[in-house]
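Take a look at the letters that make up each chain.
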Amino acid sequence: MSKKILVAVAWPYVNGDIHLGHLAGYLLPADIFARYQRLCGNDVLMVSGSDCHGTPITVEADKKRLSPAEVVEEYHQKDLELFKAIKLDYNLYTKTTTENHKRVVQEIFLDLLKAGYIVKDTMQQYYSAEDQAFLPDRYVEGTCPHCQAKEQRSDQCESCGRWLKDGELINPYSKLTKNKVALKATEHYFLDLASLVPQLQKFVSESKGRWRDWVYKETDGWLKEGLQKRAITRDMDWAIDLPIDEIMKLEPEKQLKDFQGKKIYVWFEAVVGYLSAPQEWVTLDAAKSGIIWKKNPGQSDKWQNWWLNPESEHYYFMGQDNLVFHTLMWPAQLIGSGRGYILPHNVFVNKFMNYDGKKFSKSRNWTIDSMKMVKKYGVDATRYYIAANLPENKEGNFTWEGFVAAVNNELVANLGNFVNRTLKFFEVNFYGELIAENTARLPEIKIESSKAFTESGELIEKGSFVAALEVIMRYAAFANKYFNDQQIWTVIKKDRKQAEKIMFDLLNIIYDLAIIICPFLPESATRIATMLGICENLEEIDRNHWQSETLQQFKLQQPVEILIQKLDAKVVLQEKED
RNA sequence: CGCGGGGUGGAGCAGUGGCAGCUCGUCAGGCUCAUAACCUGAAGGUCAGUAGUUCGAAUCUACUCCCCGCAACCA
């Protein structure tokens with residue numbers, strides 16, 4: 001039965017490079033999950049894109065003396081290249097600056113406004129008369145009223161540690177232009193989360209047991225604390241317009257007094273991408289260049305099959321900073337729209353991945369260039385180490401020592417070596433060709449193989465990717481043991497028939513492995529398939545079940561080559577110097 | 001007392017009431033088909049601390065100590 005699965009990957013913010021933390025947090029897990037679901041035969045739609053609006057973009061643009069659109073384009077292109085290099089298999093990777101996205105955002109805004117879930121309120125914001133602009137708190141500095149320290153942020157004094165209330169800061173000024181700022185009343189739209197609490201409570205309690213326990217608890221904690229209304233408009237330029245014409249057709253109490261400079265707040269709008277991207281996807285075709293676009297064979301071309309189909313399941317992937325936006329805010333938006341959109345089935349939130357014990361930080365130059373890493377050490381080596389250390393329940397830690405050890409001692413020594421020793425033996429002693437007479441696999445191997453598929457599949461479905469990878473590696477270890485115990489190198493000298501039987505099982509284990517590692521290590525999977533002539537590109541293989549298949553004949557298509565290169569510790573540890 | 005997470009052999013983790021497990025590393029032995037890879041065996045933990053509940057606690061309760069995330073327009 002083919003299920004419609006939406007793999008909704010958080011939209012990376014394009015004011016900086018994507019680093020390993022992003023990959024570990026949500027990008028790689030989403031890809032593993034999507035690849036797995038496709039191999040199961042499900043109709044998977046994996047979408048995401050660049051999150052392009054908001055103050056941090058304009059700040060970065062000012063810094064680089066570029067327009068916001070240019071900054072967005074620069075990082076968007078870089079991200080696309082990285083995703084291709086590390087083999088993230090999106091159906092669509094777009095941007096929040098498209099007309100389509102704007103249309104869908106405005107549509108859901110109007111739905112919520114009409115339904116009464118969007119309300120108006122007035123708040124105090126720092127305003128610079130000279131710049132004619134409102135400023136976010138973090139761009140306002142001044143003197144602390146408690147300890148008189150200068151150059152303190154308007155929200156907290158780092159000198160005495162005290163929190164400051166609006167208006168307490170003495171002589172506030174703009175950090176950007178140094179111009180004077182003052183509090184000024186400004187009217188905004190707010191999402192009235194409080195009035196959606198009953199529906200949210202129902203949604204969250206139904207998700208208990210399915211979501212990771214800590215994700216449920218954290219969300220439940222927010223609900224218990226009580227949800228406040230949350231501003232969904234800002235005074236700024238680089239954002240999506242309000243549908244003012246449509247709003248003016250509504251009753252006056254739904255209209256702002258002054259729409260001048262009011263735009264949609266980025267948090268409200270970026271998540272709508274999950275809904276807008278599938279709508280964009282169905283209108284595109286393969287000829288479109290400059291974006292990642294892909295349609296799988298036999299895939300539905302109706303976005304409604306994912307969004308309005310009660311049988312469809314939606315899986316979200318994000319870092320922990322995004323948790324409530326996906327467990328509460330976005331569901332609130334979907335429920336409030338009243339259109340019957342499908343709510344998240346599971347929300348796979350990861351903690352952060354540290355680098356040598358410290359948070360990745362662009363400003364402190366504490367980061368790893370993922371692109372360089374992939375090019376230098378290979379996609380699968382990189383993917384393996386990240387996947388084996390995903391911060392699913394607690395923070396993870398990236399170290400170069402760990403990278404070398406994991407790749408050399410686990411990936412190369414176990415999986416890589418098994419494939420290599422088997423194929424080499426096949427090449428030398430069987431001239432790379434085998435047609436099995438007896439087509440049954442050894443029962444003990446069938447059991448192990450089936451266990452590996454079943455267990456890893458169950459773990460992937462509930463988001464335990466680290467554990468799933470462990471199951472897979474244990475199957476590879478079993479394979480090594482089998483090779484060892486059978487002593488095929490001795491048997492072949494006395495009993496060729498028996499050696500053929502052993503080789504038949506060994507080769508089928510390799511076929512199993514190619515399939516089962518594909519979600520994690522797509523490049524290696526394809527190389528195995530190519531060497532053995534199973535298919536051209538294993539990533540495109542048409543399967544509809546996560547189980548073992550038995551092939552009757554094998555023929556090497558090319559000389560056997562090393563599957564995964566061993567890393568040179570000396571070279572890798574050099575990275576620490578940079 | 002803001003919300004939430006974590007502290008388990010050298011490293012990274014699993015384990016929510018019943019003899020403490022996994023991967024890697026270490027040590028010893030075996031094999032030689034293989035990328036000095038593979039296989040077997042061993043050593044190594046008073047499960048942060050204290051008090052309690054229980055026939056029985058890493059697992060439940062209370063308190064203490066340490067680390068971390070969110071709480072601020074960093075979406």
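Residues numbered from 1 in each chain as written. Chains lettered and ligands numbered in written order. Predicted model: local features only at pLDDT ≥ 70, side-chain atom pairs only at ≥ 80, totals over all residues. Heavy atoms only, no water.

Checked against the element boundaries, Asp 192 lands in the loop between β9 (182–191) and α5 (197–207). Lys 229 provides the closest opposite charge to the buried, salt-bridge-free Asp 192, at an N-O distance of 7.0 Å. Beyond its immediate stretch of four places on either side in the chain, Asp 192 contacts Tyr 117, Val 119 and Lys 229. (Helix = DSSP H or I, 4+ residues; strand = E, 2+ residues; numbered from the N terminus. Buried < 20%, exposed > 50% of the residue type's maximum accessible area, 1.4 Å probe, protein only. Lys, Arg positive; Asp, Glu negative; His and termini not counted. Salt bridge = Lys/Arg side-chain N within 4 Å of Asp/Glu carboxyl O. Contact = heavy atoms within 4.5 Å.)

Here three strands make up an open sheet; going across it, the order is β11-β13-β12 and the pairing antiparallel. The sheet terminates laterally at β11 (233–235) and β12 (240–241), the two strands that pair on one side only. Note that β11 and strand β13 (residues 262–264) share three bridges and pair antiparallel. Bridging from a neighbouring strand, Thr 233 pairs with Ile 264 of β13. (Pairing = 2+ DSSP bridges.)

Attention now goes to the packing of helix α13 (residues 379–388) against helix α16 (residues 465–486). Closest axis-to-axis distance for the α13/α16 pair is 8 Å, and the angle between their directions is 120 degrees. Regarding the angle of α13 to α16, the classification is oblique. Each of Tyr 384, Ala 387 and Ala 388 in α13 lies in contact with α16, whose residues at this interface are Val 466, Leu 469 and Met 473. Counted by class, the contact of α13 with α16 contains six nonpolar, no polar and no charged residues. (Axes fitted to C-alpha atoms, helices over the stretch in contact; angles between N-to-C directions. Parallel < 35°, antiparallel > 145°, perpendicular 65-115°, else oblique. Nonpolar A, V, L, I, M, F, W, Y, C, P; charged D, E, K, R; others polar.)

Of all residues in chain A, 94% have pLDDT values of 70 or greater, and the mean over the chain is 89. Mean pLDDT across the elements of chain A bottoms out in strand β7 (residues 152–153) (64) and peaks in helix α10 (residues 304–307) (98). Predicted complex metrics record ipTM = 0.91 and pTM = 0.94. (pLDDT = per-residue confidence, 0-100.)

Before going further, it helps to examine the pattern of salt bridges. Within the structure shown, the criterion is met by 34 salt bridges. For Lys 4, the salt bridge is made with Asp 43, and the minimal N-O distance between the two is 2.6 Å. Here Asp 43 lies in strand β2 (residues 43–50) and Lys 4 lies in strand β1 (residues 4–9), a separation of 39 residues in the sequence. Pair check on accessibility: Lys 4 and Asp 43 agree, each one buried. In this structure, Lys 257 engages Glu 187 in a salt bridge whose closest nitrogen and oxygen atoms are separated by 4.0 Å. Here Lys 257 is found in the loop between α7 (244–248) and β13, whereas its partner Glu 187 is found in strand β9, with 70 residues between them in sequence. A residue is classified by how much of its surface remains accessible, and Lys 257, at 75% relative accessible area, is exposed.

Moving on to the domain arrangement of chain A. Along its sequence, chain A is carved into domain 1 (4–103 + 266–372), domain 2 (115–264) and domain 3 (399–569). Computed from C-alpha coordinates alone, the two centres of domain 1 and domain 3 are separated by 33 Å. Each partner contributes residues to the interface: domain 1 has 18 residues there, and domain 3 has 21 residues. Interface area, domain 1 with domain 3, both sides summed: about 1700 Å², of which 66% is carbon and sulfur. If you sort the residues of domain 1 by the area they bury against domain 3, Ile 32, Tyr 36 and Leu 39 come out on top, with a joint share of 40%. One can count two salt bridges joining domain 1 with domain 3. With a shortest N-O distance of 2.9 Å, Lys 87 and Glu 539 are connected by a salt bridge. When residues of the side of domain 1 that touches domain 3 are assigned to their parent elements, the largest contribution, nine residues, is made by helix α1 (residues 20–39). (Domains from an automatic or database assignment. Buried area = accessible area lost by both parts, 1.4 Å probe.)

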